[in-house]
Amino acid sequence: MKEKNRFSVLLEHLTSMANLKNYVLAKAVQYDESYISKWISGKLLPTEKNHETILQNISQCIVDSLTDDNVRTFLDEYQVPDISDLQPAIYDHLESEYSYVKELQTTTGAEVATKISYYPELTLDQFIFKMKHPALRKVQSLNVYAMVDILNVDTNYQLLIAEFNSVHNDRGLVLPGVHFSLMIDLESTSLDPIYTAGFLMNLLSNLSNIDFNLYCGTQAQRKMVFAIKDIYSLSGMLVDQSHCLAVTTIEDSSLSTELYYKLRLLCSKEALLIRRSSIPEMIRTYEYEHSLFAQSPACLCGHFTEHFLPSDLHRELVDKYVSEIGKINRTALEKMHAITAQILTATPVRALIYVSVFTDFTVTGELDFYGYRIHLTPDQRLRYLKHLKHLHEISDSLQLKILPNGLLSDYQHIPRPTLFLADDFSYLRLKKNTPDYNICIPNKIILNRIFTEFYNTTWESDACIAPDACLTHAIHSVEILKAESVITPHQPRLDDY
């Protein structure tokens, strides 16, 4: 019996899970029922010209047909919180499988991949297309190991490789069932510390919605190896910034899993580049205090944190949120704040703040409060900003500089992390959807060196500006918001005219 292509297998799986009859689906996509049968059996594919509309209609029909009995199955399958998120997730899955089959037709003349395929040479465009296998849409349980010389490829390809999970990230999903471990080479190439540090921070931020681990090893030099457990693997040798030689794809589950475990052995604890933690865990292990007392403290703020809170506002927020934070008691929080307040007025501290942080905080009031994202009222925002301005004016120790957008080679759509840097302890604080393990602590001296050189070079850049104008503008903007928020319904507003 002829083996079915991946698109047909998925379509049959989805219609079966939804208890969806062919004639109902045929009516929804406005095709004869015989076409539906041929799509499911693998005898035909939807026409390329109309396939997007067809797949949109199929995914919508599947969602519309769900009942209370099977909707939970679909929500679990795609790890989405609400039925309204299902249609784009199902469409994306169908589209990826359809594109995979069409690419096979073009390159091999067949709709089903052979267990092992060999290509003498591929461009990185072609390689990355094969790397983004449809199996990556399996978000309930997915295990991936990769060894990629990502810093030695063209920057445009770095972005494509680093965003292999971007479809799910765009929807703001947290996917604990997706495990991705990546080994890179930081030692064999001459690296620009500013670009490398920016890239690594963006990489960690972009993949913060999954269980992501980053490793360092010279074994990754000139390698492009990617293995999905029980499903698929792809390997090749990088010959320049945009080409691979001797590329092999494996669709055989046992062979791909064998490669997966070989990569896993290389990604040992000794090769781990960052260690994951959380603010409650850092307080419990005294690492939070360690970061405060470390020599030559500095920070790059991608978002505002609890460090610059005035004492009265800190107490208000503790009163309101201490039960939600849960893992940290009130005494510990008050102790951390008291230490921080003294350090900001008595110890030399450098703080670089993205200009966008002021805009975001002014509009949303979002604050990273010991790893938990909370929203301040306009009045609370105003007190926070005025206190920051006061610290800047009265303290000779606190040095502030503003980092204009675009100064670093970063990706504007990725939430910027906050970097706390010191001589003997540093950590990254990600703007993550969940506070669990949103801290990345460098586990290698080489990474600390890259971050330090990056920070010092950026700090000395002529493009950095003084904070006075930015602080004044932010305070003025929040004052307008505060005044607007207290307008009573009986007072005229601009939009009444």
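The present account deals with the structure reproduced in this document. This structure is a prediction, so every number in the text was calculated from the model and none was measured.

Criteria and cut-off values
- Residues numbered from 1 in each chain as written.
- Predicted model: local features only at pLDDT ≥ 70, side-chain atom pairs only at ≥ 80, totals over all residues.
- Heavy atoms only, no water.
- Buried < 20%, exposed > 50% of the residue type's maximum accessible area, 1.4 Å probe, protein only.
- Helix = DSSP H or I, 4+ residues; strand = E, 2+ residues; numbered from the N terminus.
- Pairing = 2+ DSSP bridges.
- Phe/Tyr/Trp six-rings, centres within 6.5 Å; stacked < 30°, edge-to-face > 60°.
- Core = buried A, V, L, I, M, F, W, Y, C linked by side-chain atoms within 4.5 Å.
- Contact = heavy atoms within 4.5 Å.
- Axes fitted to C-alpha atoms, helices over the stretch in contact; angles between N-to-C directions.
- 1 Å grid on protein atoms, 1.4 Å probe; cavity = no way out; pocket = protein on both sides within 12 Å on 5 of 7 lines; lining within 4 Å.
- Points joined across faces, edges and corners; volume = space filled by probe spheres on them.
- Nonpolar A, V, L, I, M, F, W, Y, C, P; charged D, E, K, R; others polar.
- Patch = residues over 30% accessible without salt bridge, like charges linked within 9 Å, V, L, I, M, F, W, Y side chains within 5 Å.
- Areas by Shrake-Rupley, 256 points an atom, 1.4 Å probe, with all protein chains shown as cover.
- Salt bridge = Lys/Arg side-chain N within 4 Å of Asp/Glu carboxyl O.
- Parallel < 35°, antiparallel > 145°, perpendicular 65-115°, else oblique.
- Left-handed = near helix turned anticlockwise from the far one by under 90°.

### Digging into the pairing of strand E3 (residues 175-184)
Summarising burial for E3: eight of the 10 residues are buried, a large majority. Pairing of strand E2 (residues 142-148) with E3, which is carried by six bridges, proceeds in the parallel orientation. Pairing of Val144 across the sheet is with Phe180, part of E3. Examined bridge by bridge, E3 and strand E4 (residues 210-216) share seven bridges and lie parallel to one another. Paired with Leu182 across the bridge in E4 is Leu214.

### A few points about the packing of aromatic side chains
Tallying each qualifying case throughout the model produces 17 aromatic pairs. Ring centres 5.6 Å apart and planes at 80 degrees place the aromatic pair Tyr31 and Tyr35 in the edge-to-face group. Residue Tyr31 is classed as partly exposed on the basis of its relative accessible area of 24%. Owing to a relative accessible area of 37%, Tyr35 belongs among the partly exposed residues under this scheme. Aromatic side chains Phe425 and Tyr427 sit 6.1 Å apart centroid to centroid with 55 degrees between the ring planes, which places their arrangement in the tilted category.

### Here's the deal with the nonpolar core
A general trend in soluble globular proteins is that nonpolar side chains are found buried together. Residues Ile58, Phe74, Leu214, Phe304, Phe358, Leu367 and Phe369 are the most contacted members of the largest nonpolar core, which totals 155 residues. For this core, the element with the highest residue contribution is helix H6 (residues 86-108), accounting for nine residues. Contact partners of Leu214, with chain neighbours within four places excluded, come to Leu182, Ile184, Leu200, Leu203, Leu204, Ala271, Leu272, Leu273 and Ile274. By size, the runner-up hydrophobic cluster in this structure holds 12 residues, among which are Tyr145, Ala220, Leu263 and Cys267.

### Notes on the sheet that holds strand E6 (residues 232-240)
If you walk across this open sheet you meet the seven strands as E1-E7-E6-E5-E2-E3-E4, and the pairing is mixed. A single partner strand is all that each edge strand has here, and the edge strands are strand E1 (116-123) and E4. Going across the sheet, the axis of each strand differs from the next one's by a mean of 10 degrees, ignoring polarity.

### Re the environment of Glu289
Inspection of the secondary structure assignment puts Glu289 in helix H13 (residues 287-293). With relative accessibility at 13%, the residue Glu289 sits in the buried group. Residues contacting Glu289, with those up to four places away along its chain left out, are Lys335, Met336 and Ile339.

### A word on the layout of surface pockets
Roughly 600 Å³ of internal volume is contained in the largest pocket. Around the largest pocket, the lining comprises 28 residues; the ones closest to its centre are Arg6, Val9, Glu97, Ile231 and Glu251. Every element with two or more residues in the lining of the largest pocket is listed here: helix H1 (6-17), helix H5 (71-78) and H6. Of the residues assigned to the lining of the largest pocket, the class counts are 11 nonpolar, six polar and 11 charged.

### What to know about a nonpolar patch on the surface
Side chains of Met237, Val239 and Leu245 sit close together on the surface and give an oily, nonpolar patch of about 220 Å² of accessible area. Position of Val239 relative to the elements: it lies in strand E6.

### Things to note about the sheet that holds strand E10 (residues 349-354)
On the basis of which strands lie adjacent, the open sheet formed by seven strands has the order E8-E16-E15-E14-E9-E10-E13 and mixed pairing. Either end of the sheet is taken by a strand with one partner, and the two such strands are strand E8 (274-277) and strand E13 (398-403). Within this sheet the neighbouring strands show an average axis-to-axis angle of 20 degrees, counted without direction. Two elements, strand E14 (residues 418-421) and strand E15 (residues 427-429), share three bridges in a ladder whose sense is antiparallel. The partner of Thr418 across the bridge, within E15, is Arg429.

### A short note on the packing of helix H14 (residues 311-325) against helix H17 (residues 378-394)
It is at 10 Å that the axes of H14 and H17 come closest, and there the two elements cross at 140 degrees. With respect to H17, the axis of H14 lies oblique. Judged by the twist between their axes, the crossing of H14 over H17 is left-handed. Facing H14, whose interface residues are Asp312, Leu313, Glu316 and Leu317, H17 presents Gln380, Arg383 and Tyr384.

### Overview of helix H16 (residues 355-364)
By the burial criterion, the buried members of H16 are Ser356, Val357, Phe358, Phe361 and Thr362. Buried positions along H16 lie against strand E9 (298-301), E10, strand E11 (366-369), H17, E13 and helix H19 (468-485). One or two positions beyond H16, positive phi appears at Gly365, with a value near 70 degrees.

### What about the pairing of strand E5 (residues 223-228)?
Of all six residues that make up E5, five are buried, and the element is covered over most of its length. When E5 meets E6, the two strands line up antiparallel, connected through six bridges. Within E6, the position partnered with Met224 by the bridge is Gly236. Remark: three residues form the turn of the hairpin made by E5 and E6, two consecutive strands paired antiparallel; Asp230 in that turn has positive phi of roughly 70 degrees.

### A short note on empty space enclosed by the protein
Counted under the stated rule, the structure contains four cavities of 30 Å³ or more. Looking at the lining of the largest cavity, the elements with two or more residues in it are H13, E9, helix H15 (330-346) and E14. When grouped by side-chain class, the residues that make up the lining of the largest cavity number 14 nonpolar, four polar and no charged.

### Things to note about the pattern of salt bridges
For the structure on display, the rule yields 21 salt bridges. Among the salt bridges present, the one from Glu48 reaches Lys102, with a minimum N-O distance of 3.9 Å. Of this pair, Glu48 sits in the loop between helix H3 (33-41) and helix H4 (51-64) while Lys102 is found in helix H6, placing the two residues 54 residues apart along the sequence. The partner of Asp312 in a salt bridge is Arg383, with the nearest N and O atoms 3.3 Å apart. Of the two residues, Asp312 is situated in helix H14 and Arg383 in helix H17; the sequence distance between them amounts to 71 residues. Each of Asp312, Glu316, Asp379, Arg383 and Lys482 takes part in salt bridges that share partners, so that together they form one network.

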